[in-house]
Amino acid sequence: MTTKEAILNQQEINRNLKSKEFKQNNMIYKRINDLNTFASTLDNETYLSGTDEYGNEITVIFDTIDLLHWIDTKYMKRQSKKYIKNL
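What you are looking at is a predicted structure, and each value in this text was computed from that prediction instead of being measured.

An ideal rise of 1.5 Å per residue puts 18 Å on 13 residues; helix H3 (residues 73-85) measures up with 18 Å between its terminal C-alpha atoms. Burial analysis of H3 places just zero of its 13 residues in the buried class, a small minority of the element.

Spelled out as structure tokens, the structure:
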């Protein structure tokens, strides 16, 4: 394969990956399959990192106060218990 063919092939792969990420209203849905890093800073930022469904590294940065406001950990724990119970 020539260099030009390799570049064109990679561009096609990138277009396919981007089209899979493009959803209604331009919303991007990603799944972090392997969550491996958590950090919360004094600058009110919380980082979650891991690998996505394609094995690529991904980091999501949240406003810590917003995250604490919106995340319902009690509900998450109840749902997790239901999931584990059904295994």
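Before going further, it helps to spend a moment on the pattern of salt bridges. Taken as a whole and assessed by the stated rule, the structure comprises two salt bridges. Between Asp 52 and Lys 30 there is a salt bridge, with the nearest N and O atoms lying 2.9 Å from each other. Of this pair, Asp 52 sits in strand S2 (residues 45-52) while Lys 30 sits in the loop between helix H1 (3-21) and strand S1 (32-40), and the two are 22 residues apart along the sequence. On the accessibility criterion, Lys 30 (29% relative accessible area) is partly exposed. Put simply, Lys 30 and Glu 53 hold a salt bridge, and the shortest N to O gap is 3.9 Å. Taken together, the residues span a long stretch of sequence, with Lys 30 in the loop between H1 and S1 and Glu 53 in the loop between S2 and strand S3 (57-63) at a distance of 23 residues. A single network of salt bridges, built from pairs that share partners, joins Lys 30, Asp 52 and Glu 53.

Once that is clear, we can look at the confidence of the model for the chain. For the chain, the average pLDDT comes to 82, and 72% of its residues sit at 70 or higher. Within the chain, H3 carries the highest mean pLDDT (93), whereas H1 carries the lowest (66).

Take the sheet that holds S2 next. Across the sheet, three strands lie side by side as S1-S2-S3; this open sheet has antiparallel pairing. Every interior strand has two partners, whereas the edge strands, S1 and S3, have only one. Within this sheet the neighbouring strands show an average axis-to-axis angle of 20 degrees, counted without direction. The sheet contact formed by S1 and S2 spans seven bridges and is antiparallel. Residue Thr 37 lies in a different strand from S2, and its bridge partner there is Ser 49.

Another point: a positive patch on the surface. Positive charge collects at one region of the surface, where Lys 74, Lys 77, Arg 78, Lys 81 and Lys 82 lie side by side. Mapped onto the elements of the fold, Lys 74 is located in helix H3.

Judged from the seven bridges that link them, S2 and S3 form a sheet pairing that is antiparallel. Bridge pairing in S3 links Thr 51 to Glu 57. Between the end of S2 and the start of S3, which pair antiparallel, lie four residues, with Gly 55 showing a positive phi angle near 85 degrees.

Right, let's talk about unusual backbone geometry for a bit. Although it is not a glycine, Asn 44 adopts a positive phi angle of roughly 65 degrees. Mapped onto the secondary structure, Asn 44 falls in the loop between S1 and S2. For Asn 44, a relative accessible area of 25% gives the class partly exposed.

Calculation notes
- Each chain carries its own residue numbering, running from 1 in the written order of its sequence.
- Since the coordinates come from a predicted model, pLDDT governs what is reported: local features require at least 70, and pairs of side-chain atoms require 80 or more to be given and counted, while whole-chain, interface and lining totals use all residues.
- Heavy atoms from the whole structure form the basis of all side-chain values; hydrogens and water molecules are not counted.
- Helix and strand assignments come from DSSP, with helices taken as H or I runs of at least 4 residues and strands as E runs of at least 2, each series counted from the N terminus.
- In this scheme, a helix's expected span is set at 1.5 Å multiplied by one less than its residue total.
- To sort residues, take the accessible area from a 1.4 Å probe on protein chains only and compare it with the maximum for the residue type: under 20% means buried, over 50% means exposed, and anything in between is partly exposed.
- When a carboxyl oxygen of Asp or Glu lies within 4 Å of a side-chain nitrogen of Lys or Arg, that pair is called a salt bridge.
- pLDDT: the predictor's confidence for each residue, scored from 0 to 100.
- When DSSP finds at least two bridges between two strands, those strands are taken to pair.
- Axis definition: a line fitted to C-alpha atoms, over the contacting stretch in the case of helices. Angles run 0 to 180 degrees between N-to-C directions.
- Think of a patch as exposed residues, more than 30% relative accessible area, with no salt bridge, where like charges cluster within 9 Å and nonpolar side chains (Val, Leu, Ile, Met, Phe, Trp, Tyr) cluster within 5 Å.
- Each accessible area value is a Shrake-Rupley result obtained with a 1.4 Å probe; residue values ignore everything except the protein chains displayed when judging cover.
- His is not counted, nor are the chain ends, whereas Lys and Arg count as positive and Asp and Glu as negative.
- Positions of charges follow a simple convention, taking NZ of Lys, CZ of Arg, CG of Asp or CD of Glu.

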